[in-house]
Structures are given as structure tokens and as C-alpha cells.
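The lines below spell out each chain.
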Amino acid sequence: MSPSTLFLWILSSAIYLTLPVRGLGKTVAPEILVKPNIWGGASTQDIEQVLNSTARQIWPYVPRGSRATIQVERSRTGPIVLFRRGERGEYLVRLDTEKTFWSQYAFQFAHELGHIICGYKKGDRSNLWFEETICETASLFVLRKMADEWKSNPPHPNWKAYGPEFAKYAQNRIDKHPWSESQTLAQWYAQKKHNLNEEPTDRPRNVRLAGQLLHYFEKDPTLWGACAFINQEKTEEKRSFRSYLHDWKKSCPKSQQKELVQKLITLFALGQ
């Protein structure tokens, strides 16, 4: 291999493995490993391509200095990312899907990526409902972006026609759990705040709220970078939602991230 050819090969590899993020440097793409022969006939290679496409929609907005490894296995009791890690420190994600239901793979995997991005950990569950809502937002965000990507760059040329199904999947969830247009986020929170921590995974509620947050993440996806600091101050000590959001803002290292979190604080009418 000539020196010029070698240089081009190294350069193309670097471009493939790292994606620029506006003002956040570079993020190394995660290594996704799918356990084979447990997906109702879907090939491991095809599943990995769908999951890599899923990660490409959101991961580049999150600043990470090292490459994460995500081991994906089958679940029969619902999707989850485990608190424990694998022998090599890899994240352990389980998806409850099968065959070639690509939208379901993407939806579930994006949700669990949301937890990973948020730095999920054990501790006070008072505000877990909001993290779960952020993860629902991640699923909607990713599905809509995948529909765009697959218009011109599907994993296989013959998969191009499937692309619109991702957007339909997301829209069906939004339509199934509509938001009252006459209600602001601040009004909604004032009405619901006393019961939010009782059921963090209330899917209809979380999807309804995620549909409202989605616009802000789509308008400025760097907000996902701020999400990397949302659980920085999480401990066993119980905190109000107001404290949770303000601690998140303090934990963000960049002024742009702080401004983005402040927008959310303002939307919920929780002060400056």
C-alpha cells in the first residue's frame, strides 16, 4: 500500500468512526454487538445495521471521549438497559422484539440509548418520570430522523421503501396520546406534579409529554449533549423537580448547554 493510499484509508476510517458535533468536538461511534439466533429469524448483521442507524441519529450530539460498547440481547419481559455492566464494561441492553420489525427495534433501542446518554444510575426515583420522558423523546426523535436518512442512505438499497415506516411509527404514538393544545407545560406540571413520581413509566403520560418536548430537541439537537449531565448530582437524597432541573443546569459545563436547560426550566415555570 502506497503512503498516499494509506493516508486516504486512515482518513476515511477516522471519518467513519467519528462524527463532528456542533461545538462539541468529536464523538466516537458506539460498538454494537447483537447476540445471534434469538430474534425469530432476523439476521444478526441486519439487526446491527438497524441499531447502528438508530445510534447515528442521536449519539453524535453527545460528547464522549472513548468508544462505548453496547451488548444487545433478547428480552421477553420488556426492553431494558441493566444497571450492571458486562465483563468488559459494556452496557447491557435487552430488546423485546423479533423478526424484521425494524421500527420496534429502533424505537426500543433509542429509548435505552436515552438512558445511557442520561448517565442512568441508581438513586432517588422522584424525578425518574422525567428521565423516562426524555427517553421517550429520544425514540420519537430518532425514528423521525431515520425516516430521513433511509430516503437516501438505507443500510441496503432494497430497504429504502421501508424508511417512511419509522416516521409513521412515531406519529402513531403521538396521535394515540395527544396533548391538549389549550394547556401549557407549566399548567400541566402544576396539575400533575404531586403524582408524577408514583409511576415513572406511565407510557401514555410520558409519550404525551415527549411529543411536546420533541420540538425543542429537533430545533436544537445539541440539547442531547446537555442530557449527558442530567444525573450528575443524583444520589439517594430526595429532590424536588425544581432542584433536579437547576442541579442539571449547574452540572452542564458549557454555557450553551446551560441555556438549553434554562429553556426547559422556563417552560415548566420553575424559575431562573
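Since we're looking at a predicted model, the values are computed, not measured.

**Some points on the nonpolar core**
Of all hydrophobic cores here, the largest spans 72 residues; its most connected members are Phe130, Trp224, Trp248 and Phe268. Counting residues per element, this core draws most heavily on helix 4 (residues 128–152), which supplies eleven residues. Residue contacts for Trp224: discarding those within four places in its chain leaves Ile58, Tyr61, Val62, Ile117, Ile134, Thr137, Ala138, Phe141 and Phe217.

**Let's talk about the environment of Leu140**
For Leu140, the location among the structural elements is in helix 4. With 33 residues separating them in the primary sequence, Leu140 and Phe107 have C-alpha atoms 7.4 Å apart. Setting aside chain neighbours within four positions, we find Leu140 in contact with Ala170, Arg173, Ile174, Ala210, Gly211 and Leu214.

**Let's talk about the sheet that holds strand 5 (residues 80–81)**
Spatial strand order, 3-4-6-5: four strands in an open sheet with mixed pairing. Here the strands that pair on one side only, and so sit at the sheet edges, are strand 3 (31–34) and strand 5. Of the pairings in the sheet, the one linking strand 4 (residues 69–74) to strand 6 (residues 91–95) comprises five bridges and is parallel in character. Residue pairing in the sheet places Arg74 in a bridge with Leu95 of strand 6. Together, strand 3, strand 4 and strand 6 form the strand contacts of helix 2 (residues 44–56), whose direction differs from that of strand 3 by roughly 145°. The sheet contacts of helix 3 (residues 102–117) involve strand 3, strand 4, strand 5 and strand 6, and relative to strand 6 the element is tilted by about 150°.

**Structural notes on the confidence of the model for the chain**
Looking at the chain, pLDDT values average 90 and 90% of them are 70 or higher. Throughout residues 1–25 the model reports pLDDT below 50, and contacts reaching past four residues in sequence, or to other chains, amount to 24 contacts.

**Examining the pattern of salt bridges**
This model, assessed by the stated rule, comprises nine salt bridges. One salt bridge in this structure joins Glu136 and Arg173, with 3.6 Å as the shortest N-O distance. Of the two residues, Glu136 sits in helix 4 while Arg173 sits in helix 5 (residues 163–176), which places them 37 residues apart along the sequence. Judged by relative accessible area, Glu136 falls into the buried class, the value being 2%. For the salt bridge of Glu218 with Arg144, the shortest nitrogen-to-oxygen distance reads 2.8 Å.

**Structural notes on helix 5**
What sets the pattern is the α-helix's 3.6 residues per turn: residues three or four places apart point alike. The terminal C-alpha atoms of helix 5, which comprises 14 residues, lie 21 Å apart, in line with the 20 Å expected from a rise of 1.5 Å per residue. Looking only at helix 5, the buried set comprises Gly163, Phe166, Ala170 and Ile174. Here the buried residues of helix 5 occupy an arc of 75° about the axis, which is enough to place them on one side. Every exposed residue of helix 5 that faces more than 90 degrees away from the buried side is listed here: Asn172 and Lys176. Elements that come into contact with the buried residues of helix 5 comprise helix 3, helix 4 and helix 7 (203–219).

**Section: the packing of aromatic side chains**
In total, this model carries 25 aromatic pairs according to the counting rule given. Aromatic side chains Trp39 and Tyr105 sit 5.9 Å apart centroid to centroid with 50° between the ring planes, which places their arrangement in the tilted category. You can see Trp39 sitting in the loop between strand 3 and helix 2 and its partner Tyr105 sitting in helix 3, a full 66 residues away along the chain. Accessibility assignment for this pair places Trp39 and Tyr105 in one class, buried. Aromatic rings pair up to connect Trp129, Phe130, Trp179, Trp188, Tyr189, Phe241, Tyr244, Trp248 and Phe268 into one cluster.

About the cut-offs
- Residues numbered from 1 in each chain as written.
- Predicted model: local features only at pLDDT ≥ 70, side-chain atom pairs only at ≥ 80, totals over all residues.
- Heavy atoms only, no water.
- Core = buried A, V, L, I, M, F, W, Y, C linked by side-chain atoms within 4.5 Å.
- Buried < 20%, exposed > 50% of the residue type's maximum accessible area, 1.4 Å probe, protein only.
- Helix = DSSP H or I, 4+ residues; strand = E, 2+ residues; numbered from the N terminus.
- Contact = heavy atoms within 4.5 Å.
- Pairing = 2+ DSSP bridges.
- Axes fitted to C-alpha atoms, helices over the stretch in contact; angles between N-to-C directions.
- pLDDT = per-residue confidence, 0-100.
- Salt bridge = Lys/Arg side-chain N within 4 Å of Asp/Glu carboxyl O.
- Expected span 1.5 Å × (residues − 1).
- Arc of directions from axis to C-beta.
- Phe/Tyr/Trp six-rings, centres within 6.5 Å; stacked < 30°, edge-to-face > 60°.

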